[in-house]
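Breakdown of the fold
Chain by chain, the residues:
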Amino acid sequence: MCGIIGYLGYRNAYPILIEGLKKLEYRGYDSSGISVFFKNGYNLYKSKGKISELENKIYSSGIIIKGNTGIGHTRWATHGSTDDINAHPHVSNSNDLVMIHNGIIENYHAIKIILLNNGFTFKSKTDTEVLVNLIEYIKSENKLSLEEAVRISLNEVIGAYSIAIVDKSNPETIIIAKLGSPITIGVGNKEFFIASDPIPFAQYTKNVIYLRDGEMAILRKNKNLDLRKIINNNKLNPIIKKLKINLKEIEKGEYKHFMLKEIYDQPKTILDTLRGRLLISSNEKTIHISGIESNKEKFINAKSITIIACGTSWHSGLIGEYLLEKFTRIPVEVEYASEFRYRDPIIGKKDIIIAISQSGETADTLSALKLAKSKGAFIFGICNIAGSSIARNVDAGAYTHAGPEIGVASTKAFTGQITVLMLMALKIGIYKSTIDNKLYKRLCKELNNIPYKISKVLKIHNYIKKISKIYCEENNFLYLGRGINFPVALEGALKLKEVSYIHAEGFPAAEMKHGPIALIDDNMPVIVIAPIKGFYEKIVSNIQEIKARKGKIIAIINEGDVQVNMLADHVIKIPSTHEYLCPLITVIPLQLLAYQIACIRGENVDQPRNLAKSVTVE
Ligand code: F6R
């Protein structure tokens, strides 16, 4: 979703802003803009489309942009269409204040009417232009400093925001503030960077401050950072954290796309998820998850577990439901965070909420966990991004350690989440004695083999390319799976939709006959996840039903399978594993298939249309 970048220091801001915006591209956007400040003035450029279009516009203007303070933005449209006018930065009526904003001001309409009644005019349809003018109005009416006007204005707004604002008469100060949407500060030597996440400034400084909700920071050239509470202006002590980012992880390297790199990363990222947590020797199999160990009694006595998440993380939650119920015997529900937050869920002190989020910034998941917290539930987070809003708001948690995921379609975060959920289920199962010791040891051993088995699946990539060529022109796909592979069918369908824009649906295979079977004819490719362990005979019957209606079958089968091998039009053979670990293997060919079909169709795999990596608005 929207990306924010800013610089204040001694370097030329323009290249930092442009390069920073490019590093934020992965979040998803449809227009971009920058503003660079000099004494009593600024250059401001915005353009719809890609950042290269913004660069071309600046280049063809012939203007050489110079200045040591600047702000930049990638916009993902909420209020108003995607055009140059609605793109950020937005400027106040006097042209003095320039602002960028990520989030949604929910009461913008009421504020706009007050401003219109006071003679303000608006060029764009955005809530951001309303906010920058509210700040201007409050500043000039009450003769306030910019920081005080920002603070008072933000106390008037309802919604979510991270903002950065500069007054042209004082270009050596940037004011930023946060509620709901993320913003971080990179603290260098006599310079500050600001960005939605630390990736854009990681090459300059590893000192990072994660602004918390309800905080604002005043960044002044050659001065210490001034951190305050928005509600009462109380001064706060900034907490500087050390960024642990390997810059290589945010480069594509030899791969054509981040999505492909991230699919190939999975043997390593799962090892990273397991590192220090799964300890295997010839006779000992031990799992360490500090977030569970230090809250052992909570998990042992839990009345229920509710998993809240969105999208791909919701799919891993569904897999978690199978794992946790099977091995811990605690009742588990999986909820779309966006629905959960608007119900009046029955949860209390003995219930556990597991919030799953790659980005750790998903607004719906964050709000849902806050609601659960307010009802006294114990909140456990599974996040990929350290220091993210969700990670900071949970009672305990476990990071997936999958490394930065740049491709918008989630791949390695998904398998990382499943790995954490499996470790949790096994650990709690041992605490509660709800898992047989022999099975526990077998699963630990097999979990340890998963990275190797994924490497084997990656070797059939060329074969998947061939299948992709055969099916790339299709307009619809069905994905079927049973048991723990049903959520994998949902995930396979989601991956295909996201990157290739082909309509695809996932179903539990047995549900076919209750409706979707009406869709089957000789134009409908059906992808069936049919490993030998888990409902094999039943899946064979479902395949027969599709065949009888001339559907085309692409089956994911285990090496050595005979029956489905004979029935299917095409088969993708993968190594077998324990039924409850299957999703970690079966999803890999589906990720590759979605990737390949999108590539053949010439789609922008890493930044699919309309999608955002980090969904920070409702
Ligand atoms: C799918 C995808 C989205 C996210 C969803 C939740 O490929 O990327 O469906 O899974 O927006 O995001 P997180 O996990 O960051 O909360």
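What comes next is a walk through the structure. Quick caveat: nothing in here was measured; it's all calculated off a predicted structure. (Residues numbered from 1 in each chain as written. Predicted model: local features only at pLDDT ≥ 70, side-chain atom pairs only at ≥ 80, totals over all residues. Heavy atoms only, no water.)

Examining the site of the ligand
Selection criterion: Put simply, a residue is near a molecule or strand once any heavy atom of it comes within 4 Å of that molecule or strand. Here a polar contact is recorded for every N or O atom pair within 3.5 Å, except that within protein the pair must consist of a potential hydrogen donor and a potential acceptor, and residues adjacent in sequence are included only if both atoms are side-chain atoms. The Shrake-Rupley method, run with a 1.4 Å probe sphere, supplies the accessible areas, and residue values consider only the shown protein chains as cover. Here a helix means four or more residues in a row that DSSP labels H or I, a strand means two or more in a row labelled E, and each is numbered from the N terminus. When residues are sorted by character, Ala, Val, Leu, Ile, Met, Phe, Trp, Tyr, Cys and Pro go into the nonpolar class, Asp, Glu, Lys and Arg into the charged class, and all the rest, Gly among them, into the polar class.
Taken together, 15 residues sit near the ligand, with S313, S357, S359, T362 and E498 positioned nearest. One of the side-chain N or O atoms of S357 is found 2.6 Å from an oxygen atom in the ligand. Within the side chain of T362, a nitrogen or oxygen atom sits 2.4 Å from an oxygen atom of the ligand. In the complex, 91% of the free accessible area of the ligand, which totals 410 Å², lies under the protein chains. Of all the elements in the fold, those that place two or more residues in the shell around the ligand are α9 (311–328) and α16 (486–500). Considering only residue class, the shell around the ligand consists of five nonpolar, eight polar and two charged.

Observations regarding the pairing of strand β13 (residues 226–229)
Operational definition: Following DSSP output, two strands are said to pair if at least two bridges run between them.
Sheet topology places strand β12 (residues 215–220) next to β13; four bridges connect them, and they run antiparallel. Paired with I218 across the bridge in β13 is D226. The antiparallel pairing of β12 with β13 creates a hairpin that spans five residues between the two strands, and N222 there sits at a positive phi of about 60°. Across two bridges, the pairing between β13 and strand β14 (residues 235–236) is antiparallel.

Digging into unusual backbone geometry
The criterion, for reference: Between buried and exposed lies partly exposed: a residue is buried under 20% and exposed over 50% of the maximum accessible area for its type, with that area taken using a 1.4 Å probe on protein chains only.
At the junction of H88 and P89, the peptide bond is cis and its omega measures out at 0° in the coordinates. The residue K190 is not glycine, and still its phi comes out positive at about 60°. In this structure, K190 sits in the loop between β9 (184–187) and β10 (192–195). When its relative accessible area of 58% is taken as the criterion, K190 is described as exposed. For H401, which is not glycine, the phi dihedral falls at a positive 55°.

Structural notes on the pattern of salt bridges
Heads up, the condition is: A side-chain nitrogen of Lys or Arg and a carboxyl oxygen of Asp or Glu constitute a salt bridge if their distance falls within 4 Å.
Scanning all chains against the criterion turns up 29 salt bridges. Linking D226 and R228 is a salt bridge whose minimum nitrogen-to-oxygen distance equals 3.0 Å. Among the residues examined, R228 registers a relative accessible area of 19% and is labelled buried. K235 is the partner of D226 in a salt bridge, and the nearest nitrogen-oxygen pair spans 3.0 Å. By relative accessible area, K235 is classed as exposed at 59%. What you see here is one network of salt bridges that share partners, running through E147, R220, D226, R228 and K235.

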